[in-house]
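Working through the structure, step by step
Listed below are the residues making up each chain.
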Amino acid sequence: MTEKEMLDAGKQYSADSIQVLEGLEAVRKRPSMYIGDVGPRGLHHLVYEVVDNSIDEALAGYCNRIEVTILPDNSICVKDNGRGIPTGMHEKEGRSALEVVLTVLHAGGKFSKDSYKVSGGLHGVGVSCVNALSVHLKAEIHREGRIFIQEYSKGQPLYPVKVAGECSDTGTIITFTPDSEIFKSTTVYDRAVLETRLRELAYLNKGIHLKLTDMRQDRTEGGMMEEEAAGPYVQEFYSESGLVEFVQYLDGTREKLTSKPISLEVVKSGIPVEIAMQYNTGFSENIHTYVNNINTIEGGTHLTGFRRGLTSTLTAYAEKNGYLSKLKFKFDPSDFREGLTAVISVKVAEPQFEGQTKTKLGNSEVDAAVSQATKSALEAYLEENPKDAKNIIDKVILAATARHAARKARELVQRKTVMSGAGLPGKLADCSDRDPAKCELFLVEGDSAGGTAKTGRDRTFQAILPLRGKILNVEKAMEHKVLESETIRNIYTALGVTIGTEDDSKAANLDKLRYHKVIIMTDADVDGAHIATLILTFFFRYMPDMINNGYVYIASPPLYKVKSRNGKEERYCWTEEERVAAVSEIGKGNEGSVYVQRYKGLGEMNAEQLKETTMDPATRLLRQVTIDNAAEADRIFSMLMGDDVPPRREFIEQNATYANIDA
């Protein structure tokens, strides 16, 4: 074919060029459009989709028990005692309603207000997507005194729905095996991730029993093998008081300001609103919002309504009781939220979410409903609990005073940012490329390692900022102290971002961000892990959008270097298992025939070694920092970096099996 013929063929864009994907083919072709991604997050999302169907049954009043089981082969079984998916003939489709639900996108009872008043799965694609992305799925329905079953492979039914026996109960049992052709990185479920979601659902839906069972003998948690896994692991979740217990759980490691959480559960303008909040002596604002059990991490009208109701009520109470005479300036809305932990949950029949990710609520009517509910409940609480009310207002006054001090510190940082023309931090070795999407910033522990990294880097796109010592623990510091820290000012300035406003210190402007990869590189020891955690705490509390946008990474320097005595073979190892394997292969199982070097610090490597193992994109191992569950991340950071020692000690004791302790 000549070049001209090839060009002519390329121009033949006709009706025959249009490809129609039948049934669930679209899901298998573009799975990330339906479940987010095909990594661990998407893998666990399959479970959430099935569980959400059972939760919808519970919200409709027909289910109070949901059981999730991780089977020995990493398959998942979700069982509930709801009504059971209908199995009768679907008039329009000419086949069983069960098969329609499991094989047709946008099919389900969620669109009929007669079946479900509220639902987390809005688009009717949940369980059918799970079916499409599973190498095998079995549906067992207990309904009308009979047991109906049907099996599928990659979304295709293997046989028509059939009756397998009789029963006296009702419910749905879905068992599925994720397709390794889709989930290529892993099909192994992390029990801790599922535990977190089921615990959250128990708090959000009080009175529902949720149970997680792990049947695997060689099960993993957090990527480490459990030494004793002879019997199944069983954990049950149940909450009597719902969000009140949720707030107490989240605030468990903080010092309380009020005797008990402030809570409400009302219906305003036909919208069920449930809120629980607790003030503590900390300095961060921790508000978590949900719509129909969906975590709206970007907030929305329910968050706006809550903030407005909180601000107006506390301002009116302070004026009425003469507290404003103690303050020489006006309150700012952010003053009322410092040290506040709150959970807001609304149930909306037809929620409007901004974007496909369902992370921001747009229903305007919810704003007024939540604002009114917050105002009514808070007014009653303040009048009935004058001592708690005084503690809250005193906390607000303290926050306002600190805010004025923080303004000066913020202005100091802003003057030193690159945008104001004052230049970059003196210790920063910048890169030559100016495209943020291509540039990386390494935050390196210590001046010595920083010097080695500067020598080993690619100057075109890799910048180095050495950090001396341990940075300030922002979990226990007021904002103006954070902004007065030279190390933190250097990070802000190097990144080129503007700091959040007084109204929202977390709303750092990332428009001028100079690097889209910020890599934390510390020693592979306990001190290095502590420094990395301090830096992560800073990003989580002051620049969470850096994490949400996928800009934060952790470098993984090797722990060992195994080298043959003749020097002809050498291998870097990141785990103990890799070290054992290297000794076995290079030394033929004889440790005496190889040299094993244990790297306890970045400074023990020369520039070429550091580049090869930790900095070169072709050979390095980076771990991207993500937040799968904001509420649980909030609790963990508070526990690890806060003042309360017993919970931290308990956490260490429970996880000591997996800790690497350096002598």
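Residues numbered from 1 in each chain as written. Predicted model: local features only at pLDDT ≥ 70, side-chain atom pairs only at ≥ 80, totals over all residues. Heavy atoms only, no water.

**Let's talk about the overall build of the protein chain**
Within the protein chain, the regular secondary structure consists of 20 helices and 26 strands. Scored against the burial criterion, the 663 residues of the protein chain give a buried share of 51%. Taking the intrachain contacts of the protein chain between residues at least 6 apart in sequence as the baseline, contacts between residues at least 24 apart amount to 70%. Counting only carbon and sulfur atoms, one obtains 50% of the accessible surface of the protein chain, whose full area is about 30800 Å². (Helix = DSSP H or I, 4+ residues; strand = E, 2+ residues; numbered from the N terminus. Buried < 20%, exposed > 50% of the residue type's maximum accessible area, 1.4 Å probe, protein only. Contact = heavy atoms within 4.5 Å. Areas by Shrake-Rupley, 256 points an atom, 1.4 Å probe, with all protein chains shown as cover.)

**A word on helix 17 (residues 576-586)**
Within helix 17, burial applies to Arg579, Ala582, Val583 and Ile586. With its buried residues spanning 100° around the axis, helix 17 presents them on a single face. At its buried positions, helix 17 is contacted by strand 23 (560-564), strand 24 (570-573) and strand 25 (594-598). Following helix 17 by one or two positions, Lys588 adopts a phi angle in the positive range, close to 55°. (Arc of directions from axis to C-beta.)

**Some details on the pairing of strand 19 (residues 440-445)**
With six of six residues buried, strand 19 lies mostly within the body of the structure. Side-chain alternation along strand 19 places Glu440, Phe442 and Val444 on one buried face and Leu441, Leu443 and Glu445 on a second face that is also buried. Strand direction decides the pairing type here: strand 19 and strand 20 (residues 462-467), joined by six bridges, are parallel. Looking at the pairing, Val444 lines up with Pro466 of strand 20. The parallel pair strand 19 and strand 20 is bridged by helix 12 (residues 447-456), and the resulting crossover is right-handed. In terms of strand pairing, strand 19 meets strand 21 (residues 517-521) through five bridges, oriented parallel. Of the residues in strand 21, the one forming a bridge with Phe442 is Ile519. (Pairing = 2+ DSSP bridges. Right-handed = clockwise from strand over helix to strand, strands pointing away.)

**Looking at the sheet that holds strand 23**
Strand pairing within a sheet occurs via backbone hydrogen bonds; the two strands may be parallel or antiparallel. Ordered in space as 24-23-25, the three strands form an open sheet in which the pairing is antiparallel. Taken across any chain shown, the strands that pair with only one partner, and hence form the sheet edges, are strand 24 and strand 25. Averaged over neighbouring strand pairs, the angle between their axes works out to 15° when direction is ignored. Across the sheet, helix 17 lies against strand 23, strand 24 and strand 25, angled at about 165° from strand 24, the strand it touches most. (Axes fitted to C-alpha atoms, helices over the stretch in contact; angles between N-to-C directions.)

**Things to note about the packing of helix 7 (residues 191-204) against helix 8 (residues 243-250)**
One way to put it is that helix 7 packs onto helix 8 with a least axis distance of 7 Å and a crossing angle of 135°. Judged by the inter-axis angle, helix 7 sits oblique to helix 8. For the pair helix 7 and helix 8, contact is made by Arg199, Glu200, Tyr203 and Leu204 and by Leu243, Glu245, Phe246 and Tyr249, respectively. (Parallel < 35°, antiparallel > 145°, perpendicular 65-115°, else oblique.)

**Observations regarding the packing of aromatic side chains**
For the structure on display, the rule yields seven aromatic pairs. Relative to Tyr542, the ring of Phe538 lies with its centre 6.1 Å away and its plane at 25°, an arrangement referred to as stacked. Linking Phe538 with Tyr542, this pair stays in helix 15 (residues 526-542), spanning four residues, or about one helical turn. Residue Phe538 shares its accessibility class with Tyr542, and that shared class is buried. Here the aromatic cluster, defined as three or more aromatic residues joined through ring pairs, consists of Tyr203, Phe246, Tyr249 and Tyr290. (Phe/Tyr/Trp six-rings, centres within 6.5 Å; stacked < 30°, edge-to-face > 60°.)

**Comments concerning the confidence of the model for the protein chain**
Mean pLDDT over the protein chain stands at 82; residues scoring 70 or higher make up 83%. Low pLDDT (under 50) marks residues 110-116, which in the prediction has 19 contacts with non-local residues, meaning those over four places away or in another chain. Counted against residues more than four places away or in other chains, residues 657-663, with its pLDDT under 50, gives 12 contacts. (pLDDT = per-residue confidence, 0-100.)

**Considerations on empty space enclosed by the protein**
Any empty space left between the atoms is revealed when a probe the size of a water molecule rolls over them. One pass over the full model with this rule turns up two cavities of 30 Å³ or more. For the largest cavity, the calculated volume is near 60 Å³. Surrounding the largest cavity, Thr196, Arg199, Glu200, Tyr203, Phe246, Tyr249, Leu250, Asn629, Ala631 and Glu632 form its lining. For the lining of the largest cavity, the secondary-structure elements that each account for two or more residues are helix 7, helix 8 and helix 19 (630-641). (1 Å grid on protein atoms, 1.4 Å probe; cavity = no way out; pocket = protein on both sides within 12 Å on 5 of 7 lines; lining within 4 Å. Points joined across faces, edges and corners; volume = space filled by probe spheres on them.)

**Overview of the sheet that holds strand 16 (residues 286-291)**
Strands sit in the order 14-15-18-16-17 across an open sheet of five strands; the sheet is mixed. Since the sheet does not close on itself, it has two edges, and those belong to strand 14 (262-268) and strand 17 (294-295), each with one partner. Of the pairings in the sheet, the one linking strand 15 (residues 271-279) to strand 18 (residues 340-346) comprises seven bridges and is antiparallel in character. By the bridge assignment, Glu274 is partnered in strand 18 with Ser345.

**As for the side chain of Asp80**
Within the secondary structure, Asp80 sits in strand 2 (residues 76-80). Summary of buried charges: Asp80 has no salt-bridge partner, and the nearest side chain of opposite charge, Arg83, is 8.8 Å away. One polar contact links the side chain of Asp80 to the main-chain amide nitrogen of Gly82, over a distance of 2.9 Å. Not counting chain neighbours up to four residues away, the residues in contact with Asp80 comprise Ser54, Cys63, Arg65, Ile66, Thr170, Gly171 and Thr172. (Lys, Arg positive; Asp, Glu negative; His and termini not counted. Salt bridge = Lys/Arg side-chain N within 4 Å of Asp/Glu carboxyl O. Polar contact = N/O pair within 3.5 Å; in protein donor to acceptor, adjacent residues only side chain to side chain.)

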